Amino acid sequence: MARFVLEQLSDFRDYTGGGDPSEILTQWRRSESTSRGDLSDVRVSPDGRHIHFILRKPTAGLVTCDKYERPKLALSQKKQDLCVTRTVPIVNVFYLESNIKDAALVAVIYETGKAEFWKFQQESNPGWHLLQTSDLCNSPRAKVVSVCASSNSIIWCEERPPSESSPVLSSTRNKLRYCVCRRDFEVDEGSVVLRGVKMALHNNPKFNVVSSGEYVHLLPDSKIKALSSLNKIIISWSPRIDTFRLSTTCKTTPLKEDVLSTKESDFKRLLTDCLGFLSIQDPPEICCYSPTGCGGLLLLLSTGWVCLLQKDGILRQVHKVDDDNVDTFASHISLCLYQETVALLTEHSLYLIDVNCGTEHGRVNIKNAGLLFRNQAEICTPHFVSEEGVFVVQRETETKDKNSKLKCCGSSKLENIQPGALLIEAVFEEACTYYQQRSLSSAKLTVDALKRGGRFQAPISLATILGTYLSSGWNHKGTQNGVQNGDDSIAGQDKLMSSLEPDLKALVALEEVKCRLVKGSVQEVEMLCDNLVEKEVSRLLLSPDLDKDSLLYLNAIFKIFPCQSWRAVQVTLQLHYNGEGRLSSNAPQKIWKTVLSSAPSAPVGKPCTNGENKSSLNGNHISNVKVKSPGVPAPLPVFELLCHSVYLYEPSWFPSFLELSQQQQGSAGLALSLASSSWGFSSGRGAESSDSSVPLYKRALSVVSSLSTDRDHNQNLQVELLLVSGRPNAILQAMRILMGKQQWEKVTQVAQKYCTQSPLLNKEIFSTLLCEVAQHRELDPYLELLWSLCPEDMTVTNILSMVLKSLPSPNTSSSSSFPLTSTATSAPAPFSDPQSSQLTIGLLKPLLRKVLERETKSNQGYADILQSPSYPPPAPPRQAVGHPRTGTGRSTESDQDISSAGPETT
C-alpha cells in the first residue's frame, strides 16, 4: 500500500472576510446535530481562494472568506466582503461560468426564489460587488428547496402551495406539490440575462437537484417518510435532450428511460409502470453523494458501499467501508472523485480508493472531519478544508513542486510549445503538399529538404513574415523589426503585410481554437465544435463554386459531426417549421443555388504528378480514360447531404423540405429544362443523363432507399415525396405503390385531388383506375367517385376497348397484381359464378350511360338542323315572263329579271 502524506497549503491566516473559518468550523463540529450547520453548508470556489459558509441558526446569513493574490495590498485597501444577514434562509451558493475577465461570478439563491449575483475582482476596487438581484420563480408564493447550475442553466426544485380556493388535498397528493424548473442565462460584462422559466417536471415530491456534467440528478429527500415508494427512486435528467432515466440503489441497471416533452413531463405519468416493482423493494438509503463532473454521481449508501452511478444509468459498487454504522456519522463524511481516485473523508481517516477496481490505494489519518473539494488547477489531487486549514494529499515520494502535480494531472509538454512555432511549421507542411503535387519527381519532399534546398523562397518568406507578425505585431506605420532596405522596401513590406493580415489573423485564431479544444472542458469542447461546424457549413454553402475538394470536406464534416451539422444547417438555411407541415426559409438565393446544384464533375483522365492528364492512344483516335481512386467513395452532393440529415433527425420534415427545395429551385431560376421533365423525351439512344437533369424528388428518393431498412416506412415516405413533387409520372408512380399496398381509399383520394391539375393527367389516372376495375372487385365501393373522374373526351368505344384489353384470362386466376381468392369457374358462358371477379355490364352501366348522355348532348347542334319544319326549303314564288326583244342593244331591266328567274316549268 502506497504511503500518502498531508501538506498544509493554508492555515486561514491569509484568508480575510466576515469571520474566521477555523472558528466557524469548530462551532459546527461541536454543535449537536445541525443546530448551526454542517459540512454540507460549506462552499469552496474552484480555485480554492473563496470559502462560503451558509448560516442557518440562530440567524440566517452568509459568511465569505477570501484569499487575495497580494494580501498586503488587499489589507491596506478598502474592500467589500460578501457577508449577508437575512431573515430568509439561503438555499445554495454556487459559481457560474462567465466570460468576465479576471472575475468570479457567484449566485446566492434564497428560499423565496430571490437570486443575487455577485462579482469578485482583485485589481481595481477589490472585493465582492453586487451585479443584480432577480426573481427565479414565476409565483411569489413558491418556495425553493434545492438549486444548482448546469452549463448555462439554473435548475431548481420549488414547492408550490395549493390555492386557497382548491379543496383540501389528501396527504399523498399534498406531498406531490413540487416541481422542477429551469432558466437559461447569459452573462454580459455587467449583468446576468435570465431567460423564461421552463418546467421540466411537475407533480413530484421534494427532490435535491445535483448537477454533474450534462446530467442533473434528482435525489429523494430522506427526511420525508410518508412516500416510501417514491423515495426509492433516482431520476437522471438530461436537459439537452429532455431524457429522464429512473434508477434505484437496489438495482444495477436503470428501471426506465423515457423521453418527454417539457409540457408533458408529469412525475406520476413517468412513474406509473414502476410502482409495482418499487412497492416490493427496500433499497438502502443514500447517506452522502457527490457529482463526478462528467455525468456520473458518487453515492455512499447506508450499507457502507461506495457506488458510482454512471452517466449511462449503470450503478456500480466500488468499495465497502469498514465502519458498519455509516449512517451515524454521515453528516461528517465527505466524498469526491479525482479522475480515477475516490476520496472518502471521515472524522478520523481519509481513504483513497481506485474507482476502477475498488482497491484501497492508501489511508491518511486526520484530526478532524473536513470537506473535500476539487481545485481546477490540480484536478487529480485531493484537497480538503478542515478546522486547521486547507490541505492537499500527496505521495510521500513526490516533490512539492507544482510542476510535478501538473504532470500527475496529465499535462503535456505540448502546452509549452509556442503557437508561432506550430504555425510556421504548418506553413512549410502546406508548402510541401503544394510543391509535391506539381513535382515530376517521385521522391518525397520533406520540410527539412524544403528549408535546405533554397529553391522555394515563397514559404521561407511567408514564415519570416509570420514570425515577425507574431513577435512584434502589425504596425500600420510601417516600422518593423526586420531588415529595412530603404523606403521602397518598407512600402512593399507594408503592402504585403496588409494583404496577408486577414489570413494571419485567421491562422492565429485557428491555433487558439486548437489550444482551447485540447485544454477545455467537455462542455466547452462541445460549444466550440458547434460554433466551428456552423461557421464551416455556412462558409461552404455561401461559396458560389463548390469544387470537389470542398465537397469532400463538407461530407467529412457531416460524417464526423452529424448532430452539429444538422443544427448548422438549420441556422444557415434559417429553417422554420410551423407545426402544420409547412417549412420556410429566409436564406439568400445564393445559398440555395449551392444546395440544389449537382455534384462537381469528376476530372477526366488520371492526374499525373505534374497536374496534366494522360491520354490513351487507340489507333488514330485519342480517348480520355476516367480512372476512379480505389477505396475512396464519391462525395454526396449538398442536397443529398441535407436529405440525410433531415431523414435522421427530423424525418417528418422530409416532404416539406423537398417542397421547399422545389420552390427555391423555381424562384432562383434553377428550373429544369424540358429534357428533364417527367413528360420529356429521351435525349437520344445511348445518351447519358447528366446530374443536373435529375429532378429533386428522384434525388430525395435515392437517399430514402439508401438509408431506410423498413420497407413499409420506406414506401410510405416514397409516396409522400412523389406526391409533393407534383410531376405527372411521379403521381402515377405513387398511385401504383398505393395500389400495390391495396390502400384503395388513399388511391381514390389521390386521384380526386390530382385529376383537376391537367386533362392529360386526368386521362392517365382514369385509364389506370379503369384497368384496375376490370381486373378485380376491390374498387367497387368507389365506383361512383371513379365515374365522376371520367375525362370529357372519353368515348364509349375507348372505354370498352380499355376494359376488354384489361380483362383477366378466363382460364387462369386474376392477372392483377393483387391476387384474390376467387378465380374463373366452370360455369358456362355467359352465366358466371356470383363470386367471380369478372367485370359485368351492370357495373359499367352508369359510366356508359354518363358518356352516352355526354355524347348525345354534344351532338344537339346537329339535331336542331335535322328537326327543321320543312326539308328541303320551298322554292320562291313564280313571276310573269314577257317575250324577249330582238336587237343588238343592251338588255333592259325586264330582261335581267327574266334571265334571273330561271327556266319555266310546265
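Since the structure is predicted, the reported quantities are computational estimates derived from the model, not experimental observations.

1. Observations regarding the overall build of the protein
A tally of regular secondary structure across the protein gives 26 helices and 34 strands. A total of 906 residues make up the protein; the buried ones form 41% of that total. Pairs at least 24 apart in sequence give 54% of the contacts found in the protein among residues at least 6 apart. If you sum the accessible surface of the protein, you get close to 51,200 Å²; carbon and sulfur atoms cover 51% of it.

2. Here we look at the confidence of the model for the protein
Overall, the predicted model of the protein reaches an average pLDDT of 74, with 71% of residues at or above 70. Predicted confidence for residues 71-77 stays below pLDDT 50, and this span has 5 contacts to residues more than four positions away or in other chains.

3. Details of the packing of aromatic side chains
Throughout the structure, instances matching the rule amount to 11 aromatic pairs. The interplanar angle of 20° and the centroid separation of 5.1 Å between the aromatic rings of Tyr577 and Trp653 together place this pair among those described as stacked. With Tyr577 in strand 31 (residues 575-577) and Trp653 in the loop between helix 15 (638-649) and helix 16 (654-667), this residue pair connects regions lying 76 residues apart in the sequence. For the ring pair Phe639 and Phe657, a centre distance of 6.0 Å and an interplane angle of 15° mean the geometry is stacked. With Phe639 in helix 15 and Phe657 in helix 16, this pair connects stretches of sequence that are 18 residues apart. Of the residues examined, Phe657 reaches a relative accessible area of 1% and is grouped as buried. Among the aromatic residues, those joined into a cluster by ring pairs are Trp566, Tyr577 and Trp653.

4. A closer look at helix 20 (residues 744-754)
What helix 20 keeps buried is the set Trp744, Val747, Thr748, Val750, Ala751 and Tyr754. Taken end-on, helix 20 shows its buried residues confined to a sector of 160°, consistent with a single buried face. Residues of helix 20 that are buried sit in contact with helix 18 (711-725), helix 19 (728-740), helix 21 (759-775) and helix 22 (783-788).

5. Here's the deal with unusual backbone geometry
Even without a glycine there, the phi angle at Phe12 is positive, about 75°. Inspection of the secondary structure assignment puts Phe12 in the loop between strand 1 (4-10) and strand 2 (15-17). Phe12 sits in the buried class, given a relative accessible area of 4%. With a phi angle near 60°, Asn203 is a residue other than glycine that sits in the positive phi range. Within the element layout of this structure, Asn203 appears in strand 14 (residues 192-204).

6. A look at helix 18
Helix length check: helix 18 (15 residues) gives 21 Å between terminal C-alpha atoms against 21 Å at 1.5 Å per residue, within 8%. Inspection of helix 18 places Asn714, Gln715, Leu717, Gln718, Val719, Leu721, Leu722, Leu723 and Ser725 among the buried residues, and these make up the whole buried set. Summarising the contacts, the buried residues of helix 18 are in contact with helix 15, helix 16, helix 17 (696-707), helix 19 and helix 20.

7. Focus: the sheet that holds strand 1
Read across the sheet, 4 strands follow the order 1-30-29-28 without closing on themselves; strand pairing throughout is antiparallel. Either end of the sheet is taken by a strand with one partner, and the two such strands are strand 1 and strand 28 (371-375). On average, adjacent strands in this sheet sit at an angle of 35° to one another, irrespective of strand direction. Here strand 1 runs beside strand 30 (residues 389-395); their pairing, made up of 6 bridges, is antiparallel. Looking at the pairing, Val5 lines up with Gln394 of strand 30.

8. Focus on the sheet that holds strand 14
Pairing in this open sheet of 4 strands is antiparallel, and the strands run 11-12-13-14 from one edge to the other. Edge positions in the open sheet fall to strand 11 (143-150) and strand 14, since each of these has one partner strand only. Recorded for the sheet is a direction-independent mean angle of 20° between the axes of neighbouring strands. Bridge count between strand 12 (residues 153-159) and strand 13 (residues 178-187): 7 bridges; the pairing is antiparallel. Paired with Ile155 across the bridge in strand 13 is Arg182.

9. Section: the pattern of salt bridges
All chains considered together, the criterion is met by 16 salt bridges. Where Lys206 meets Asp221, a salt bridge forms, and the shortest distance between an N and an O atom there is 3.2 Å. Of this pair, Lys206 sits in the loop between strand 14 and strand 15 (207-212) while Asp221 sits in the loop between strand 16 (215-220) and strand 17 (234-238), and the two are 15 residues apart along the sequence. Residue Lys206 is classed as partly exposed on the basis of its relative accessible area of 23%. Accessibility expressed as a relative area gives 8% for Asp221, which makes it buried.

10. Section: the pairing of strand 9 (residues 114-121)
Along any regular strand the residues' side chains alternate between the sheet's two faces. Counting buried positions along strand 9 gives 7 out of 8 residues, so the element sits mostly inside the fold. In this structure, strand 8 (residues 103-110) lies alongside strand 9, joined through 7 bridges in antiparallel fashion. Looking at strand 9, one finds that Val106 is bridged to Trp118. Summarising the sheet, strand 9 and strand 10 (residues 127-135) pair through 8 bridges and their orientation is antiparallel. Residue Glu116 lies in a different strand from strand 10, and its bridge partner there is Thr133. Joining the antiparallel neighbours strand 9 and strand 10 is a turn of 5 residues, in which Asn125 adopts a positive phi near 50°.

Thresholds, definitions, all that
Every chain begins its residue count from 1, and numbering advances along the sequence as written. For this predicted model, a pLDDT threshold of at least 70 governs which residues receive local features, and a threshold of 80 or more governs which side-chain atom pairs are given and counted, while totals over whole chains, interfaces and linings are taken from all residues. Side-chain metrics in this entry use all non-hydrogen atoms of the structure; hydrogen atoms and water are not considered. What counts as a helix is a DSSP run of H or I of at least four residues, what counts as a strand is a run of E of at least two, and both are numbered from the N terminus. Exposure is judged per residue with a 1.4 Å probe applied to protein chains only, and the accessible area is read against the type maximum: over 50% gives exposed, under 20% gives buried, and values in between give partly exposed. Contacts between residues were defined by any pair of non-hydrogen atoms, one from each residue, lying within 4.5 Å. Computed with a 1.4 Å probe, the accessible areas rest on the Shrake-Rupley method; for each residue, only the protein chains presented here act as cover. Confidence of the prediction at every residue is given by pLDDT, a number between 0 and 100. Pairing of aromatic rings covers Phe, Tyr and Trp, the last counted by its six-membered ring, and requires centre-to-centre distances within 6.5 Å; plane angles under 30 degrees mean stacked, over 60 mean edge-to-face, and any other angle means tilted. To be clear, the arc concerns the directions from the helix axis to the C-beta atoms. Helix span is expected to be 1.5 Å times the residue number reduced by one. Two strands form a pair only when DSSP identifies at least two bridges running between them. Angles here are taken between N-to-C directions and fall from 0 to 180 degrees, while the axes themselves are lines fitted to C-alpha atoms, restricted in helices to the stretch in contact. Any Lys or Arg side-chain nitrogen located within 4 Å of an Asp or Glu carboxyl oxygen qualifies as a salt bridge.

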